[in-house]
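One letter stands for each residue in the lines below.
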Amino acid sequence: MDRTMHCALVLLSILGSLEGFVQRDMAKDVFVFQRDTKSTHVDLQLKKNATLRSFTLCFRTYTDKAWPYGLFELVTHPPFYSEITGFKSSATSYILTVGADRVEFNAQDKINQWLNLCFSWESATGTAHLWVDGKRLPRLGLQRGYAMKRSVSFKLGKRRTSSPYINQYVGEISDVYMWDYVLSLEEIRQERGAYSQLSTGNLLSWRDLTYDLVDDVVVEPV
């Protein structure tokens, strides 16, 4: 596909998003979160709606911001309740929440470079993982035995709370994949190094993504 045709498809997807969700292969694109505004995010539609007892979520992020910012939120509706959230709480830490509990991972990552992040959690053991560029941080635990509610929506780049200390995400995000189980270490390494080998997320897949852009987010070629 030549660049002109590719740009035309991107434009059509952006225009289509004004009327609701768009479904397309995002292999050659990224989401660009242009400004820190209250409601800027991307709504993603999960491939199936089931009670989650485990998950793995992987994506790539590129930002020059060191401030605290939201990364993702899984919300039930109705009533509206945050089942899973992930956000950067400081320059050296990430927080994952499941239900009403949370864990904090210490990560010495850098700005102005692409990072591959993978979060996972398993109800049976309560074990939570965070991988940064394929390196697993020390495992933590929360909400053993917890089961997430059905009827959920996924918000990418969403600020977790109304707290003025957590900003909206500003930067680029790509290669979003989600599974309803915990990937092995070898699968995580494959996901980081060769997306074509493991691009089969059964909840979210970048190669077959259904999304809706909200406010200051656009789709741009890689």
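Bear in mind that the values here come from a model prediction, so they are computed numbers and not experimental data. (Residues numbered from 1 in each chain as written. Predicted model: local features only at pLDDT ≥ 70, side-chain atom pairs only at ≥ 80, totals over all residues. Heavy atoms only, no water.)

**Considering the nonpolar core**
Which entries qualify depends on this criterion: We define a nonpolar core as any set of buried Ala, Val, Leu, Ile, Met, Phe, Trp, Tyr and Cys residues linked to one another through side-chain atoms lying within 4.5 Å. Each residue is placed in one exposure class: buried if its accessible area under a 1.4 Å probe, protein chains only, is under 20% of its type's maximum, exposed if it is over 50%, and partly exposed if it falls in between. In what follows, a contact means two residues having at least one pair of non-hydrogen atoms within 4.5 Å.
Residues Phe31, Leu44, Phe119, Phe154 and Tyr211 are the most contacted members of the largest nonpolar core, which totals 55 residues. In this structure Leu44 touches Phe21, Phe31, Phe154, Leu156, Val176, Leu204, Leu209, Thr210 and Tyr211, once residues within four positions along its chain are discounted.

**A few points about unusual backbone geometry**
Heads up, the rule is: Numbered from the N terminus, helices here are DSSP runs of H or I no shorter than four residues, and strands are runs of E no shorter than two.
The phi angle at Asp133 is positive, at roughly 55°, despite the residue not being glycine. Structurally, Asp133 is set in the loop between strand E10 (127-132) and strand E11 (135-136). On the basis of relative accessibility, which here comes to 23%, the residue Asp133 falls in the partly exposed class. Its identity is not glycine, yet Asp175 carries a phi of approximately 50°, on the positive side. Residue position: Asp175 is located in strand E14 (residues 171-179). Of the residues examined, Asp175 reaches a relative accessible area of 12% and is grouped as buried.

**So, the packing of aromatic side chains**
Selection rule: Two aromatic rings, drawn from Phe, Tyr or Trp (for Trp, its six-membered ring), form a pair once their centres lie within 6.5 Å of each other, and the interplanar angle then sorts them: stacked below 30 degrees, edge-to-face above 60, tilted otherwise. By definition here, charges over rings are those cases where NZ of Lys or CZ of Arg is within 6 Å of the ring centre and within 35 degrees of the ring normal.
Going through the model one piece at a time under the given rule, you end up with eleven aromatic pairs. Each ring, one from Phe59 and one from Phe72, has its centre 6.1 Å from the other, and the planes form 75°; the classification is edge-to-face. Taken together, the positions of Phe59 in strand E4 (residues 54-62) and Phe72 in strand E5 (residues 69-76) put the pair 13 residues apart, joining distant regions of the chain. For the residue pair Phe59 and Phe72, the accessibility class agrees, reading buried in each case. On the basis of an interplanar angle of 70° and a centroid distance of 5.2 Å, the ring pair of Phe72 and Phe119 is categorised as edge-to-face. Remark: Phe119 occurs in strand E9 (residues 115-122) and Phe72 occurs in strand E5; sequence separation between them is 47 residues. Comparing Phe72 with Phe119 shows no difference in burial state: the two are buried. Three or more aromatic residues link up through ring pairs in this structure, and these residues are Phe59, Phe72, Tyr94, Phe119 and Phe154. Over the ring of Trp114 we find Arg60; its NZ or CZ atom is 4.5 Å from the centre of that ring.

**Notes on the pattern of salt bridges**
We apply this condition: What counts as a salt bridge is simple: a side-chain nitrogen of Lys or Arg found within 4 Å of a carboxyl oxygen of Asp or Glu.
The final tally for this structure, using the stated rule, is eight salt bridges. Two residues, Asp29 and Arg24, come together in a salt bridge whose shortest N-O distance is 3.0 Å. Note that Lys155 and Asp43 form a salt bridge whose closest N and O atoms lie 2.9 Å from each other. Remark: Asp43 occurs in strand E3 (residues 41-44) and Lys155 occurs in strand E13 (residues 152-156); sequence separation between them is 112 residues. Here Lys155 matches Asp43 in class, with each residue buried.

**Focus: the sheet that holds E13**
For the record, the criterion: Paired strands are those between which DSSP finds at least two bridges. All axes here are fitted lines through C-alpha atoms, helices being fitted over the stretch that makes contact, and every angle between N-to-C directions spans 0 to 180 degrees.
Spatially, the eight strands line up as an open sheet ordered E1-E15-E3-E13-E5-E6-E7-E8, and their pairing is antiparallel. A single partner strand is all that each edge strand has here, and the edge strands are strand E1 (22-24) and strand E8 (101-106). In this sheet, neighbouring strand axes are inclined to one another by 20° on average, regardless of whether the strands run parallel or antiparallel. When E5 meets E13, the two strands line up antiparallel, connected through five bridges. Across the sheet, Glu73 pairs through a bridge with Lys155, a residue of E13.

**Some words on the environment of Val22**
Note on placement: Val22 falls in strand E1. We classify Val22 as buried; its relative accessible area is 12%. Measuring from C-alpha to C-alpha, the distance between Val22 and Leu213 comes to 9.1 Å, with 191 residues separating the pair along the chain.

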